[in-house]
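Summary of the model geometry
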Amino acid sequence: MAAPTDTEVIAVKKGATRFALLAGQHALILAHRFDPMPWSDAPWQVVRQTNATAGLPLIGADGRLRVTVFLVDANTGIIAAIRGTTWTARFVEAVRAAIRTQSLNHSTEAQGAAEINAWYQRYPTSDKLVAAADINTRG
């Protein structure tokens, strides 16, 4: 975020967390919310991961995946907040399945971009996108 406000920093540090996943054949969108902030979302494509192996770490003994969130001031590059949270095993498996689908389809960047654009036309707000999500979880 460019110049995050105190409210946004506190929300990332302490607010209730929610995540939602919309998975397709060539892309996925991960939505996130830190109360009281509204939903935000980010598209992702396996084909764009050129310098890393696509996938997720193993789930911990508690049945959850630990996720670290960084709020970075886009104007300065300075980290404004760091937050540890978790995803349920069911949510992690849905994300893994979405990554696997893209890999098996040998999805191209153009196919992913077309799918993402279609979602944003069908669901013009983050709230509508989250309502259409395949799965959601609390952090």
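What follows covers a nonpolar patch on the surface. Among the surface-exposed residues, Phe70, Val72, Ile79 and Ile82 lie close enough to one another that they form a single nonpolar patch of about 350 Å² accessible area. Elements that contribute at least two residues to the nonpolar patch include exactly β4 (64–72) and β5 (79–88). In this fold, Ile79 is placed in strand β5.

Below, the discussion takes up the pattern of salt bridges. Enumeration over the complete set of coordinates arrives at 4 salt bridges. Among the salt bridges present, the one from Arg66 reaches Asp62, with a minimum N-O distance of 3.5 Å. We classify Asp62 as partly exposed; its relative accessible area is 44%. Residues Arg96 and Glu93 are paired through a salt bridge, measuring 2.9 Å at the closest nitrogen-oxygen approach. Taken together, the positions of Arg96 and Glu93, both in helix α2 (residues 89–104) and 3 residues apart, correspond to about one turn of that helix. Arg96 sits in the buried class, given a relative accessible area of 16%. Glu93 sits in the partly exposed class, given a relative accessible area of 37%.

Right, let's talk about the environment of Ala94 for a bit. For Ala94, the position within the fold is in helix α2. What makes Ala94 partly exposed here is its relative accessible area of 22%. With 73 residues separating them along the chain, Ala94 and Leu21 place their C-alpha atoms 8.0 Å apart.

Looking at chain direction, β4 and β5 are connected through 9 bridges and run antiparallel. What sits directly across from Arg64, in β5, is Thr88. The turn joining β4 and β5, which pair antiparallel and follow one another in sequence, is formed by 6 residues; a positive phi near 80 degrees is taken by Gly77.

The next thing to look at is the sheet that holds strand β1 (residues 17–23). Read across the sheet, 4 strands follow the order β3-β2-β1-β6 without closing on themselves; strand pairing throughout is antiparallel. Single-partner strands in this sheet number two, and they are β3 (40–44) and β6 (135–138). Averaged over all pairs of adjacent strands, the angle between their axes in this sheet comes to 20 degrees, without regard to strand direction. Across 5 bridges, strand β2 (residues 28–34) lies against β3 in antiparallel orientation. Counted as the bridge partner of Ala31 is Asp41 from β3.

A word on the pairing of β1. For β1, a buried count of 6 out of 7 residues is recorded, marking the element as mostly surrounded by other parts of the structure. The sheet contact formed by β1 and β2 spans 7 bridges and is antiparallel. Note on β2: the bridge partner recorded for Ala23 is Leu28. Counted between consecutive antiparallel strands, the loop separating β1 from β2 contains 4 residues. Two strands pair when backbone bridges link them, and β1 and β6 are joined in this way by 4 bridges, in the antiparallel orientation. Among the inter-strand pairings, Phe19 is bridged to a residue of β6, identified as Thr137.

Cut-offs applied
Residues numbered from 1 in each chain as written. Predicted model: local features only at pLDDT ≥ 70, side-chain atom pairs only at ≥ 80, totals over all residues. Heavy atoms only, no water. Patch = residues over 30% accessible without salt bridge, like charges linked within 9 Å, V, L, I, M, F, W, Y side chains within 5 Å. Areas by Shrake-Rupley, 256 points an atom, 1.4 Å probe, with all protein chains shown as cover. Salt bridge = Lys/Arg side-chain N within 4 Å of Asp/Glu carboxyl O. Helix = DSSP H or I, 4+ residues; strand = E, 2+ residues; numbered from the N terminus. Buried < 20%, exposed > 50% of the residue type's maximum accessible area, 1.4 Å probe, protein only. Pairing = 2+ DSSP bridges. Axes fitted to C-alpha atoms, helices over the stretch in contact; angles between N-to-C directions.

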